[in-house]
Structure formats: structure tokens, C-alpha cells
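# Survey of secondary and tertiary structure
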Amino acid sequence: MPGKQAVQTICPFCGVGCGMHLLVDDQNRVAAVSPQGDHPISRGKLCAKGWSTPFAIEPGDRIRQPLIRTDDGFRPASWDEALEVIRYGLLDILSQLGPTAVGVISSARASNEDNYAAQKFARAVLGTNNIDHCARICHSPTVAGLKQTLGSGAMTNSAADIDSAEVLVVWGADATENHAILGGHIIEAKLRGATLIVVDPRRTRLAKLADLHLQVKPGTNILLVNALLHEIFRHGWQNQDFLDSRCEGADALRKSVRDTSPTQLADAIGVPAEQIEAMARTYGQANSAMILYGMGITQFVSGTFNVMALSNLALSCGQIGRPGTGINPLRGQNNVQGACDMGCLPNVYPGYQDVADPAVRQHVSDYWQCPLPDHTGLTSMGMTQAALRGEFKGLILFGEDPVVTDPDQNEVLASLKALDLLVVAELTMTETARHAHVVLPAASFAEKNGTFTNCERRVQRIHQAIPPVGEALGDWQWLGAIARQLGSSSLDWTNSQAVFDEMAGMTPSYSGMSYEKLARQHGLQWPCDDAAPEGTPTLHQTEFPIGRARLIPVHHVDIDEPADADYPLQLTTNRLHFHYGCGSMSRKSPLLERETPDGILFISPEDARNLRLKNHSAIGIRSRRGYLETRAIITDDLPPGLVSMPYHFSEAPSNQLTNRAMDPVSKMPELKVCAVRITPLPEGQAPRTIQSIRASAAPPSARENS
Amino acid sequence: MIHYRLAELAELTRHLGRTRQVWQRSGAKEWCQADASNPPPLEAGRSVQSAKGFFFAEQEHIFEFDGRYFRETLPKPAPFALIGVSSCDLVAIAYQDQFFASDPHYQARRQQALLVGLECTVPCEHGFCPTVDAGPAARPGTSDLVLHPVGNGWLLTVTSEQGRKSLQGLNLTTAPEAMKQQRQAQLADCERQFPDDQHIRDGVQALNAGTVNASTWQQMGVQCLSCSGCTSLCPTCSCYGVQDQSADQTITRRRFWDSCLYDGFQREASQHNPSDDAGARVYRFWYHKFSDDFRKDFGRYGCVGCGRCEATCPGVIGIHSVMKRISQHD
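If you're wondering where the values come from, they're calculated on a predicted model, not measured in any experiment.

### Brief notes about the packing of helix α5 (residues 140–149) of chain A against helix α15 (residues 303–316) of chain A
Residues and elements named next belong to chain A. Relative orientation of the contacting elements α5 and α15 amounts to 45°, with a least axis distance of 8 Å. Between α5 and α15, the crossing angle belongs to the class labelled oblique. Between α5 and α15 lies a crossing whose hand is right-handed. Each of P141, T142, A144, G145, L146, Q148 and T149 in α5 lies in contact with α15, whose residues at this interface are G303, T304, V307, M308 and S311. Residues of the contact of α5 with α15, tallied by class, amount to five nonpolar, seven polar and no charged.

### With respect to the confidence of the model for chain A
When pLDDT is low, close inspection of the predicted coordinates is not appropriate. Summary statistics for chain A give a mean pLDDT of 94 and a share of 98% for residues scoring 70 or more. Low pLDDT, under 50, characterises residues 698–706 of chain A; the stretch is placed with 10 contacts to residues that sit more than four places away or in other chains.

### Some points on unusual backbone geometry
Backbone phi values are negative for most residues with the exception of glycine, while trans is the configuration of most peptide bonds. In this model, W526 of chain A is joined to P527 of chain A through a cis peptide bond whose omega is -5°. Among the structural elements, P527 of chain A can be located in the loop between β21 (524–525) and β22 (549–550). Following G135 of chain B, the chain continues into P136 of chain B via a peptide bond in cis, with omega recorded as 0°. Along the chain, P136 of chain B falls in the loop between β7 (113–118) and β8 (145–150). The phi dihedral of S226 of chain B is positive, around 55°, even though this residue is not glycine. Phi is positive for D248 of chain B, which is not a glycine, with a value near 50°. For D248 of chain B, a relative accessible area of 74% puts it in the exposed group.

### Examining the interface of chain A and chain B
Each side of the interface is counted separately: chain A has 44 residues, and chain B has 47 residues. Between chain A and chain B lies a buried interface of about 3,400 Å² when both sides are counted; carbon and sulfur atoms form 58% of it. For the interface between chain A and chain B, the tally reads two salt bridges. Where chain A meets chain B, there are 15 residue pairs in polar contact (both at pLDDT 80 or more). Counting only elements with at least two residues in the side of chain A that touches chain B, the list comes to β1 (5–10), β2 (19–24), β3 (30–35), α1 (48–51), α2 (53–56), α7 (180–192), α8 (205–209) and α24 (590–595) of chain A. Per-element accounting of the side of chain A that touches chain B gives the leading share, six residues, to α7 of chain A. Among the residues forming the side of chain A that touches chain B, the class breakdown is 23 nonpolar, 10 polar and 11 charged.

### Regarding the domain arrangement of chain A
Residues and elements named next belong to chain A. As far as domains go, chain A holds domain 1 (5–56), domain 2 (77–127 + 372–525), domain 3 (140–329) and domain 4 (569–705). Each of domain 1 and domain 2 has a C-alpha centre, and these two points are 25 Å apart. Contact residues are listed per partner, giving 22 residues for domain 1 and 16 residues for domain 2. Both sides together, the interface formed by domain 1 and domain 2 hides about 1,400 Å², and carbon and sulfur atoms give 65% of it. Linking domain 1 with domain 2 are zero salt bridges, by the criterion used here. Here domain 1 and domain 2 share eight residue pairs in polar contact (both at pLDDT 80 or more) between them. Elements supplying a minimum of two residues to the side of domain 1 that touches domain 2: β1 and β2. Sort the elements by how many residues they give to the side of domain 1 that touches domain 2 and β1 lands first, with five residues. Of the residues in the side of domain 1 that touches domain 2, the class split is 11 nonpolar, nine polar and two charged.

### Examining the sheet that holds β2 of chain A
Residue and element names in this part refer to chain A. Judged by pairing direction, the sheet is antiparallel, and its three strands sit side by side in the order β1-β2-β3 without closing on themselves. Sheet topology places β1 and β3 at the edges, where each strand pairs with a single neighbour. This sheet shows a mean twist of 30° between the axes of neighbouring strands, independent of strand direction. One ladder, built from five bridges, connects β2 with β3; its direction is antiparallel. Counterpart to L23 in the pairing with β3 is A32.

### Focus on the sheet that holds strand β2 (residues 21–25) of chain B
Residue and element names in this part refer to chain B. The eight strands are arranged β3-β2-β6-β7-β8-β9-β1-β10 in an open sheet whose pairing can be described as mixed. The sheet terminates laterally at β3 (31–33) and β10 (173–174), the two strands that pair on one side only. Sheet topology places strand β1 (residues 2–6) next to β10; two bridges connect them, and they run antiparallel. Across the sheet, residue Y4 finds its bridge partner in β10, namely T174. Packed onto the sheet, helix α1 (residues 9–17) meets β1, β2, β6 (80–86), β7, β8 and β9 (153–158) and runs at close to 140° relative to β2. Along the sheet, helix α6 (residues 177–193) makes contact with β1, β8 and β9, crossing β8 at roughly 85°.

### A short note on the pairing of strand β20 (residues 458–462) of chain A
Successive residues of a regular strand alternate their side chains across the two faces of the sheet. Residues and elements named next belong to chain A. Of all the five residues making up β20, five are buried; the element is thus mostly covered by neighbouring parts of the structure. Alternating positions in β20 separate into two faces, R458, Q460 and I462 on one and V459 and R461 on the other, with burial throughout. Where strand β19 (residues 450–453) and β20 come together, four bridges link them in antiparallel fashion. Its bridge partner being in β20, T453 is matched across the sheet by V459. Bridging between β20 and β21 involves two bridges; their strand directions are antiparallel. Looking at β21, one finds that R458 is bridged to Q525.

### As for the UniProt feature "domain: 4Fe-4S Mo/W bis-MGD-type" (unreviewed entry) in chain A
What UniProt calls "domain: 4Fe-4S Mo/W bis-MGD-type" (unreviewed entry) maps, in this numbering, to residues 4–61 of chain A. Helix makes up 14% of residues 4–61 of chain A and strand 31%, whereas the separation of the span's terminal C-alpha atoms amounts to 24 Å.

### Here we look at the side chain of H320 of chain B
Residue and element names in this part refer to chain B. Within the secondary structure, H320 sits in helix α13 (residues 319–328). What makes H320 buried here is its relative accessible area of 12%. Only 3.0 Å separates the side chain of H320 from the side chain of H199, close enough to count as a polar contact. Once you skip the residues sitting within four places of it in the chain, H320 turns out to touch H126, F128, H199, I200 and E310.

### A word on the environment of L97 of chain A
Residues and elements named next belong to chain A. Relative to the helices and strands, L97 resides in helix α3 (residues 79–97). Given the relative accessible area of 42%, L97 is considered partly exposed. The sequence separation of L97 and E391 amounts to 294 residues, and the corresponding C-alpha distance is 7.7 Å. Setting aside chain neighbours within four positions, we find L97 in contact with G390 and K393.

### Some remarks on the pattern of salt bridges
Residue and element names in this part refer to chain A. Taken as a whole, this structure holds 47 salt bridges over all chains when the rule is applied. The closest approach of N and O atoms between D475 and K448, which form a salt bridge, is 3.3 Å. Of the two residues, D475 sits in helix α21 (residues 475–485) while K448 sits in the loop between β18 (438–441) and β19, which places them 27 residues apart along the sequence. The partner of D492 in a salt bridge is R484, and the shortest N-O contact between them spans 2.5 Å. Taken together, the shared-partner salt bridges in this structure form one network comprising R203, K208, D636 and D637.

### A word on the environment of P597 of chain A
Residues and elements named next belong to chain A. Among the secondary structure elements, P597 is positioned in the loop between α24 and β24 (601–603). Residue classification places P597 among the buried positions, given a relative accessible area of 19%. Placed 75 residues apart in sequence, P597 and K672 show a C-alpha to C-alpha distance of 21 Å. For P597, the residues in contact, after removing those within four places along its chain, are L576, F602 and I633.

About the thresholds
- Residues numbered from 1 in each chain as written.
- Chains lettered and ligands numbered in written order.
- Predicted model: local features only at pLDDT ≥ 70, side-chain atom pairs only at ≥ 80, totals over all residues.
- Heavy atoms only, no water.
- Axes fitted to C-alpha atoms, helices over the stretch in contact; angles between N-to-C directions.
- Helix = DSSP H or I, 4+ residues; strand = E, 2+ residues; numbered from the N terminus.
- Parallel < 35°, antiparallel > 145°, perpendicular 65-115°, else oblique.
- Left-handed = near helix turned anticlockwise from the far one by under 90°.
- Contact = heavy atoms within 4.5 Å.
- Nonpolar A, V, L, I, M, F, W, Y, C, P; charged D, E, K, R; others polar.
- pLDDT = per-residue confidence, 0-100.
- Buried < 20%, exposed > 50% of the residue type's maximum accessible area, 1.4 Å probe, protein only.
- Buried area = accessible area lost by both parts, 1.4 Å probe.
- Salt bridge = Lys/Arg side-chain N within 4 Å of Asp/Glu carboxyl O.
- Polar contact = N/O pair within 3.5 Å; in protein donor to acceptor, adjacent residues only side chain to side chain.
- Domains from an automatic or database assignment.
- Pairing = 2+ DSSP bridges.
- UniProt positions renumbered as here; feature names shortened; annotations may be inferred.

In C-alpha cells, the structure reads:
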């Protein structure tokens, strides 16, 4: 029978935060999902991933009990035994190298309660600020950039604002694939008469529907913003009242774009000057214009500056602080906003309270009743580098698969192998978990209570629908068990509500929230406090957290690795509607797996012709960092000179190739562009998986270099 | 046909609950098992999911093979009653009864079901059941019992032999003529309140005349995200995929709801795909629902006018959006 009961919860994929019911059958399995008709964002809709949720968490290949590494794999173990191994491992490292040699990587897929527990575990139990999560590789430049210009690094407006905006600018985001329900709202808005402008090097679905598509060269975002600002100031389309009353630095910004006319920059940007002028006219003269952006802004060495440039554009035109406006990062994972809010970052406590501020530290130390480390911690990639140097030895990681998702896979693998203790808690065996010393069985979102915070800052309840599979535990629960092993009772909560209440007691923007209040409506948007007891759909309406917003001139930064004679093509990365992150959940659906194309290198007809490739031809792709094989898919969605790969597939991971050159401010690696060379494989030869390339005695790279 | 007056619905629910599981729609408009001794109030209107999943399971095992023997994995459900199935969904079940006539898994569940219909007295959002002969009055031969609210009570109509038997032991009074007249008046009034459906009639005509050009379908294909929402919620969609899973020397074949809007639905092993183009897939979906070619086989169109596709499509190409487009572009 389909649903003995229907349990209301939030979709576990992406940051949109759609409402769904889990239909639980008489054997306590999630038999099906159903969209929630009255949900304010999803309004009775789900995307392909959402509809396939039952497959993602089905018991089939779930990890059911702790596993301990042996010489030739893993052996099942009891929780007591696994915790003992972890305790000895951690105590060994702590006694030899101290707390700077251990750290935690938490999960943007886990709940706020889990993430709060993870950072508290790192800080209060291990004594280190080495805590990070995957926001490092999605929106860390957003947090860093908007914090400087506006004082708050989150979506300024709400999903519902898409309905009321006169102009929608989708910049470096493939919303119908990655945030499909929000992408659907954009289609709806366009059909109702909103003007849709898309800035993207790829011809995305929204680009095909747009009034204007600026198919820019990768890495030219700042040039485009400055050309737009030049045009806006030249015609007087800036909102002078807003600049005078709400911002500082307008004169310097205006001077900085004096020589950045569309005509001067059109060639460098790769689009006709007329298109830039048309965009400036439309955006500059709109009554309400909303910018939505994604990884096409952040994943560059210029990531933080790109975000600040967008901020300059929105502020100059006064397109912020009102419904239908704003600067809106589309966040990738279901709870990446929450993981940031919870302070799973090496430099801030929950609520973005500065670790380096002694007064803040004292306050948190009093609240937790324990001493706290005073040094800023390592980022995830900082932990990778420190591990390679032998300075970092113990890592606890959950719900992430950096071997697949982080740049420069070979280096990530080497760093994991250098650890004395790697603990991974997961639903299923991932590429990263294979390298663990101890694997712990984690409970899925359907097996626990808690909250997720979506990209519009909406904190929403998730409800337990089924018992945990096997001996799986929620993340705050097993973290608490490790803490107890180390003699700390600071993670001894009785239920998720107790975790939430403790968190809300120290996180100003969550201070007005409780499970009771969240249940009354479909969640609450932060800040929710005494001043805004019902939450805040639109930020910055009368003032910015830093008082006046800052306009900070930014200048073009070259991409780190342009194409050259040896590596003549540029590789960018994209995502598919059907898959999510490392694919550990979405690839369990036979339907979504079937949607995976035969090959995953997307290439323009021109480049394919030059390389004598047919559709589905087997190819090898090489960058300065790695090599992999797949098949080519010919599509005119890509311009000549640019190829693209999704990163979901562990057998052909784009992160073999990607560049780890980083944005100096946020440490975001430049995942959106690097140089590659493509060679057709001999006729009749099928592409090999990365695992078999690695295993083969004489890899092509060795042959070629010798 | 026998008509009874029912003062308290709970009386009926409690009675049916003595011999069967009882399922009703919850406040969240989802089908849930109800406590027959203390049933929740009956909600009228469209449920999020139709009753499709009760018979054509979203996921199920269809056989096992242990290397020597094949074993069937037929479901053995206890008798159950669905209370409050809307008229459009009853028509859809009758439609699927034809499609799955010789499917033992479907039939194993279907044979155990008692269908208690509930007629709507106001149109639902996006609904157009009168246009496709599926409501608001329950269609003959689609149910066992039918409920219609009259005043503070209910008119209970017996519509099948199984329905008659299910009421044995329940003390009921025959409904007065006035109640039946009241039902007719309410249904006529409901039907009058449906919005204009000219675009649907024009669209169906254009579809069957073959006058919609390929570029119109292609434009709509760009809007199709292949989410599978329309086919999941459509009460007549019946396509399924299969997958063999092996564990401990046993291979289990499972089947699950598929969607013809997926690129991989018809892709062949050679990678050749006869419906490579998203627009062609959108066309195929609507062709299956409204082509006269299928009408011959099923005696009606494959659409029951519930409007769920319009409500759930993120790309704005549900029934009304599509029919408006194709009735204009001929």
C-alpha cells in the first residue's frame, strides 16, 4: 500500500527547499514521495531528483553498522569497538601534535542540528577551529564578498520575489538544472511578461528562453559589470538617491569605470557591445530587477571580486532592499546555508560571530562552559595541504565525498592517504569512505528530526518518517558518542529540539525561532529575533548590517590557466538536472542513472569537427593535473573553444582535470575554467574508468611522458 | 440503483472498517490509512496523488530467480476500502483496469479493493472533468458506492454488487426523492461553474488534425525539465521500467513508474533514440492522452480532466498551458 502515513518534510536535494511528504508503507519504507501543494516555494512541484528520493535512501546498499579497515578491506564492528578505535586514534594525534593536527569536515546535506554539533565538537571537544564544509567550493566568495559590501552573505530576497520582479538576471547559474523548481519560477515569470537576461558561456535552457543571452567568455564577469556600470553612469541610470542615502564609495566606483565602455571591452568579454548596452538599459531602468547567480560567479580565482562587482551593480541601481530586487546567490545543497549559519567555517562561530574577536570568544566560551582555541582554523583545502606536509593527521568527515567533488583529485587522494585517522560517516560506500580507517553508518534525512535552512534563509523542519537503517545514527548523536569517549559531555542532548534550542540561544539571527514556531507556518526566514519575530523575507530594507553599503571598485583578474598550444581548449564544469553532487544519492535511482549520457564531455560541433569526433566518440582528456577518458557529446550549447563536464561521476571525475588555483580571499578553487587537450581514442577502444586507468601498470600519461 | 440517506459518515466507515482496512485522504490531501473507529472528516476535491499507487505500485518486485527456479512475488493485500475517490479518479481506475487487465500484480490488489466515490460540488483548480466525460457525477461502472453531500448528511448510492454486499448488516434508510433531486441540482450547478474549456476542445482538434507544427512542440520541449511530475501524478499513466538486482545468488526484478518524458525512456542500447528531441517527447505524451488512435482501444481519451499536470509542472506545460499554445499555433 502506498502510504500508511504521510510525513511532512523537506526535499534533501539542493538549496531550494521544496516541501514534500514521505509516504511510508506498512513495512516502514519510504514507498513514494508526494509534492506539498501549499508549500510557499515549491507549490506542489518537485524536480526529477525530488521525485526519486525513495531510491536515494533505500536500504539496499546502505552502510548498516560501523566498519573498521583491515589489510584487505573492511570488517563489520560494533559501535563500542569503532568508538574505541577513534578514541585511541584521536588521543594519539592530540598527544603528539596537538589540536591543530585534527579537524572536522561537516556536511551541507546534514541538518542544522548536525552541523551545530560538528563545529561544537571541533571547538569544544577537540580544541581546534579546523572545521569546514563544501561551501568552500560553492559560495565561500559570496560570504566573503557580500560580508564586505553589505554586511551579510546570503540571498537578500526570497524565491517569491521572482514572481514580482520586472527584470530577472540569471548570471552564471543553470537554474532549471540545479535549482529546478526555482528555475521553473523563472520560466513562469518570463511567460507572464518579465524580461529575462541570462549571462552564461553556455547556452543553458534559460538562455534559450531569454530575451537576452550574453554568451560571455569564462572569467570576464568583472569586465562585464564594469562595462554595464560605465553605461549606467554615462546615461544617468544609477539611483542617485539610493547612492547618496544608503551607500558609500560611489565617486570612487564611478571613476573606476570611466574607461570601461562596452565598445572597449566587447571583444574581451566576447559579446557585441550592443548586447551590453541593451542589458545596461534594461537593468538600469527597471523598476525592480533581481540578480540570481551561481557558481559561474564564485568558482574563479576572482570569485570574491566577482561577487563584489555584482554587489556594485545592484547597489548603483538601488536594486536591493525591496521586493523583486536583490542580489541572490543560489545555494547548491539542501542545507549549505545552514551549515554556514551554524559556523562550520574555520573563522566564525554560529551566526557568523568572529572567532578572532576576544569578546565573542569569551561569550561563546561562557555559553559552552569550556575553553576555546584562539587561532583561526584550516579550510578544507588547508587541511589537504597540511596533511601533505605531515602537519595534519586526523580527520572526521561526514556526508561529503571530496575525492569526487574537490579539485585536483590526485592531490586529495594523496592527502587522505597521509592521515593516521580518517573517520567517514556515510549512507553508502563512497570514493572517500573507501580510504577511511573507520566508516560509521549515518542516518538519512528520512530517519531523523531537525531543520534545514534553504537558500532564501528559510529554516524548515524535517520530520523522522522511518527508523534508521541498521545501526545508523544521526550525526549529532554519533558525534556526541565520540565526545563522551573523549570525556566530554558537551554534546549530550536528549533530542534534536534540545540541540536547536541551545543553538538558537547563541545565534542572534535564529534567536526568535523554536520548533513550535517553525511548525506554525512553513518555516521562518532569518533574521528572526525580537525585532523581527516573524522572520525577514527581504534583507536591507532600511539599513545594512554595516550601516551604509560599501561600493568597492574591482578590476579584472585573469583566469589562472588560459588555453595555450599544449592545452588548446578551455574546460568548464556544469551540473545535470538528474544528479546531485557526487551522485551518491541520485545515482541510486535507475531512472536518473539511465538519464546519464553515454559520455559526459560536452563539445561544440566546430571543435568536434576539428578533432574528427563523431557524437559518442571515445576520447581522452588531459590537463596539467590529470587524465581521464569518456565519450564526447556534440552540442551547440557550447561555443567553439569551450568544453564542459559535469562533476557527478566518479568513473570520469572532472576533478582529475580541474585547477586548484584559489581565490586569495575565500580559498575558492577555480573550478569553472582550466586548459585541457582532447585526443580521440583509437577506433573501437572504449573509454576506461579512472579506477582502471589508475590500476593499469603503464598509464597513458606515463607512456606519453617517457 | 439503490439510494440511502446517511446521517453520519462515520457509521459507514466504522462498518466497512470491521472487514477491511480503510483509507481516506488526510488534511494534507494524501491518502492515509484511517482509524475506522475514529475516522477523520472526509475532504472533498482533488487529492495530491490519485488512487493509482494502490493498484499499480510505484515500486514493486515482480519475480525472483535463485539460479534454478523463478518465484513469483505476488502481493497479498488484505481487503481494503478507499473512501472518497473523486469521480475523475474513478474513471482513471476503470481506464487502468483495462490496461492492466492481465497484470497479476495489479489485479491482486484491485480485487481486494472497495471503491467509495465522492462527487465534487465545486470545480477544483485546473480541473475540467466535464470536458472529458469524467465528472463531476461519478460515471457508471467505475465504483462500488458513491457519496454525495446533501445538507448535513450524505446520499449514498450503491453502484455495484460488491457495493451492495459491503453494506450488509448496516441499518440504512432509503433516501427520499428530494435528496436525489438535490444531488442532480448540485451536480448541474457544479458543472456550470467550470471555466471555459474552448482551448482544450480546440487543442484536441488541432492535435488530431496534425496541424501543430514541430517548432511549437520544440519550444515546449525547452520548457520540459523531464522531472516526471506529470506522469507520476497522472492517474492514467501506466509506463514502468524494470531493473534486475542481485544479492546472495538471487536476482530480483523490480519494476517502477517510468516517465516517457525522460530522454532515456526510448533510448536504445546503440544510443539511437527515436524520440531524441524533447519536443517530440512532449508531443508523444499529449498524443497518448488525446489521440483518436487510442480512443478506439479504450473507449475514451486517456485524460480524466483532473488538472494535476498543470498544478505540478515546473516548466508551465501542463494541460491548460499546452492546449492554449497548440490551439493558437495551427
